[in-house]
Amino acid sequence: AQKVTQAQTEISVVEKEDVTLDCVYETRDTTYYLFWYKQPPSGELVFLIRRNSFDEQNEISGRYSWNFQKSTSSFNFTITASQVVDSAVYFCALSEVLNTDKLIFGTGTRLQVFP
Amino acid sequence: GAGVSQSPRYKVAKRGQDVALRCDPISGHVSLFWYQQALGQGPEFLTYFQNEAQLDKSGLPSDRFFAERPEGSVSTLKIQRTQQEDSAVYLCASSLRSGLEILNTQYFGPGTRLTVL
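Residues numbered from 1 in each chain as written. Chains lettered and ligands numbered in written order. Predicted model: local features only at pLDDT ≥ 70, side-chain atom pairs only at ≥ 80, totals over all residues. Heavy atoms only, no water.

1. A short note on the interface of chain B and chain A
- Between chain B and chain A, the contact holds 25 residues from the first and 20 residues from the second.
- Between chain B and chain A the total buried area reaches about 1800 Å² when both faces are included, carbon and sulfur atoms providing 50% of it.
- Along the contact surface separating chain B from chain A lie one salt bridge.
- Of the charged contacts in the structure, one is a salt bridge between Lys102(A) and Asp56(B), with a shortest N-O distance of 3.5 Å.
- Scanning the region where chain B abuts chain A turns up six residue pairs in polar contact (both at pLDDT 80 or more).
- Among the elements of the structure, strand 4 (31-37), strand 5 (44-50) and strand 10 (107-108) of chain B are those that each provide at least two residues to the side of chain B that touches chain A.
- Here the residues of the side of chain B that touches chain A sort into 11 nonpolar, 11 polar and three charged. (Contact = heavy atoms within 4.5 Å. Buried area = accessible area lost by both parts, 1.4 Å probe. Salt bridge = Lys/Arg side-chain N within 4 Å of Asp/Glu carboxyl O. Polar contact = N/O pair within 3.5 Å; in protein donor to acceptor, adjacent residues only side chain to side chain. Helix = DSSP H or I, 4+ residues; strand = E, 2+ residues; numbered from the N terminus. Nonpolar A, V, L, I, M, F, W, Y, C, P; charged D, E, K, R; others polar.)

In structure tokens form, the structure reads like this:
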């Protein structure tokens, strides 16, 4: 069965701290995609990154970086030098090519960055 | 360019009323998805369209929920005889095309917050 687990319900940090959000997934498919979305207080889900199951290269985009490890079925997200504007709920999601690409979301991690 | 739009943004209904929620996807996007997000939870899949064809409705919680996309662009999610457990945010997302990398990223609208009294 497909499942995404985000064990961290809420994380609080002080500005400029680094923070890592964990994501563990389960799937039977060999071809799948992993996503991270940000949901700020306004409510709209903002796409951050997509990764396919055949590409385990880590990715860095500015202060954001992602670590994909198939061996542990994890797709973790690190924010370096966090800022107050990073405060939001972050969702990890899985989609399977053979399953209409519908997204299976985790329960989200609420990140609060204090000044 | 314009993103996914949804209307209304907020809807209050009395139990037993019917409601209709509208989604306007990004122009040219073939795939359209509806999700339901309960308070404090992640979004959950409801249904999926490719153009006007509803290819997956496995997530619709009951036969009171009905979705359509008659001309392959705008979609409407209808809930009949609303119940209190239907209270949630209903999110619409669209993508260029499902099943193909690069094209399958879903972009979300702001959602409709439905409150059933």
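Still more ground to cover, so stick around.
2. Comments concerning the pattern of salt bridges
- Within the structure shown, the criterion is met by seven salt bridges over all chains.
- The salt bridge involving Lys78(B) is made with Glu68(B); its shortest N-O contact spans 3.3 Å. Separated by 10 residues along the polypeptide, Lys78(B) in strand 8 (residues 75-79) and Glu68(B) in strand 7 (residues 65-68) bring together distant segments of the chain.
- Accessibility expressed as a relative area gives 31% for Lys78(B), which makes it partly exposed.
- One network of salt bridges, with partners in common, ties together Arg51(A), Asp55(A) and Glu59(A). (Buried < 20%, exposed > 50% of the residue type's maximum accessible area, 1.4 Å probe, protein only.)

3. Some thoughts on the environment of Phe77(A)
- On the secondary structure map, Phe77(A) appears in strand 9 (residues 74-79).
- With 12 residues separating them along the chain, Phe77(A) and Ser65(A) place their C-alpha atoms 5.9 Å apart.

4. Some points on the sheet that holds strand 1 (residues 5-7) of chain B
Residues and elements named next belong to chain B.
- Strand order across the open sheet formed by four strands is 1-3-8-7, with antiparallel pairing between neighbours. Each having just a single partner strand, strand 1 and strand 7 make up the two edges of the open sheet. Adjacent strand axes in the sheet meet at a mean angle of 15°, parallel and antiparallel pairs treated alike. (Pairing = 2+ DSSP bridges. Axes fitted to C-alpha atoms, helices over the stretch in contact; angles between N-to-C directions.)

5. Quick look at the packing of aromatic side chains
- Inspection of every chain in the model, using the stated rule, returns 22 aromatic pairs over all chains.
- Centroid distance Tyr37(A) to Phe108(B): 5.3 Å. Interplanar angle 85°. Geometry classified as edge-to-face. Within this pair, whereas Tyr37(A) is found in strand 5 (residues 32-39), its partner Phe108(B) is found in strand 10, the two belonging to separate chains. You'll find Tyr37(A) and Phe108(B) in the same group, each marked buried.
- Aromatic pair Tyr35(B) and Phe108(B): ring centres 5.5 Å apart, planes at 45°, arrangement tilted. In this pair, Tyr35(B) is assigned in strand 4 and Phe108(B) in strand 10, connecting sequence segments 73 residues apart. Phe108(B) carries the same exposure label as Tyr35(B), and that label is buried. (Phe/Tyr/Trp six-rings, centres within 6.5 Å; stacked < 30°, edge-to-face > 60°.)

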